[in-house]
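Here are the chains, one letter per residue:
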Amino acid sequence: MTTRPTPSDDEPRTIAQVAEEFGVTHRTIRHYESLGLLSPERDGTRRLFHRRDRIRLDLVLRGRRLGFPLEEIRRIVDMYDDQPGERGQLEYLLSQIDERRADLEQRRADIEVALTELGTLERRCREDLDSLRG
């Protein structure tokens, strides 16, 4: 079971510990770091991920699961620290949720149409095949 960062969970973690905690690869974490989504402390060649980075990683992964592009996730996550702050971040996120929901609902409708068309085509093919047999 995955454990997410909690307010009392302030001890820094290595990349291996973070990867295990979140069920992702080291490569994924390094990729998010290279994009500026994470900024772990450096101790020589070691990366030390503090609570803030682990929370950001949790938000990035959640955004990815919901289908948000990384650039959009960056904008949302960065808004917390910058202007307009948490309120602006939440308002913006709500607008993005509305857009994402509309996109997914359109996709679902498109899938339903495609499934209906496939069913019709399958029925016709079976009927034609039956008429050729008999």
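Remember, predicted model here, so these are calculated numbers, not experimental data.

**Considerations on the overall build of the protein chain**
Piece 1. Looking only at helices and strands, the protein chain has 5 helices and 2 strands in total.
Piece 2. Radius of gyration (C-alpha) of the protein chain: 23 Å, far over the 14 Å computed for a compact globule of 134 residues.
Piece 3. Evaluated residue by residue, the protein chain yields a buried proportion of 28% over its 134 residues.
Piece 4. Within the protein chain, counting contacts between residues at least 6 apart in sequence, those at least 24 apart form 46% of the total.
Piece 5. For the protein chain, the computed accessible surface area is about 9600 Å², with 52% contributed by carbon and sulfur atoms.

**Some words on the packing of helix 1 (residues 15–22) against helix 2 (residues 26–34)**
Two quantities define a packed helix pair, namely the angle between the axes and the distance from one axis to the other.
Piece 1. In contact at an axis separation of 9 Å, helix 1 and helix 2 are set at 105° when each is read in the N-to-C sense. Classified by the interaxial angle, the pair formed by helix 1 and helix 2 is roughly perpendicular. Touching Ile 15, Ala 16, Val 18 and Ala 19 of helix 1 are His 26, Ile 29 and Arg 30, all from helix 2.

**Some details on the pattern of salt bridges**
Piece 1. Using the criterion set out here, one finds 15 salt bridges in the structure.
Piece 2. In this structure, Glu 21 engages Arg 13 in a salt bridge whose closest nitrogen and oxygen atoms are separated by 3.8 Å.
Piece 3. For Arg 42, the salt bridge identified is with Glu 33, shortest N-O distance 3.1 Å.
Piece 4. According to the relative accessible area criterion, Arg 42 is partly exposed, its value standing at 46%.

**Structural notes on the nonpolar core**
Piece 1. Counting 17 residues, the largest nonpolar core has Ile 29, Tyr 32 and Leu 57 as the members making the most contacts within it.
Piece 2. Elements with a minimum of two residues in this core: helix 1, helix 2, helix 3 (51–65) and helix 4 (70–81).
Piece 3. Ranked by the residues each element gives to this core, the list is headed by helix 1, at 4 residues.
Piece 4. Ignoring sequence-local partners within four residues, the contact set of Tyr 32 consists of Leu 37, Leu 38, Leu 57, Val 60, Leu 61, Arg 64 and Leu 70.

**Observations regarding the packing of helix 3 against helix 4**
Piece 1. Where helix 3 meets helix 4, the closest approach of the two axes is 10 Å, and the angle between their N-to-C directions is 140°. Comparing the axis directions of helix 3 and helix 4 gives the class oblique. The two elements helix 3 and helix 4 cross, and the hand of that crossing is right-handed. For the pair helix 3 and helix 4, contact is made by Arg 52, Arg 56, Leu 59, Val 60, Gly 63 and Arg 64 and by Leu 70, Ile 73, Val 77, Asp 78 and Asp 81, respectively.
Piece 2. Considered class by class, the residues forming the contact of helix 3 with helix 4 number 5 nonpolar, 1 polar and 5 charged.

**Digging into the environment of Ile 73**
Piece 1. Relative to the helices and strands, Ile 73 is located in helix 4.
Piece 2. Sequence separation between Ile 73 and Arg 62 is 11 residues; the distance between their C-alpha atoms is 9.3 Å.

**Here's the deal with helix 5 (residues 85–133)**
Piece 1. Its 49 residues place the ends of helix 5 71 Å apart at the C-alpha level, agreeing with the 72 Å of an ideal helix rising 1.5 Å per residue.
Piece 2. Contacts made by the buried residues of helix 5 are with helix 4.

Rules of the game
- Residues numbered from 1 in each chain as written.
- Predicted model: local features only at pLDDT ≥ 70, side-chain atom pairs only at ≥ 80, totals over all residues.
- Heavy atoms only, no water.
- Helix = DSSP H or I, 4+ residues; strand = E, 2+ residues; numbered from the N terminus.
- Rg over C-alpha atoms; globule rule 2.2 N^0.38 Å.
- Buried < 20%, exposed > 50% of the residue type's maximum accessible area, 1.4 Å probe, protein only.
- Contact = heavy atoms within 4.5 Å.
- Areas by Shrake-Rupley, 256 points an atom, 1.4 Å probe, with all protein chains shown as cover.
- Axes fitted to C-alpha atoms, helices over the stretch in contact; angles between N-to-C directions.
- Parallel < 35°, antiparallel > 145°, perpendicular 65-115°, else oblique.
- Salt bridge = Lys/Arg side-chain N within 4 Å of Asp/Glu carboxyl O.
- Core = buried A, V, L, I, M, F, W, Y, C linked by side-chain atoms within 4.5 Å.
- Left-handed = near helix turned anticlockwise from the far one by under 90°.
- Nonpolar A, V, L, I, M, F, W, Y, C, P; charged D, E, K, R; others polar.
- Expected span 1.5 Å × (residues − 1).

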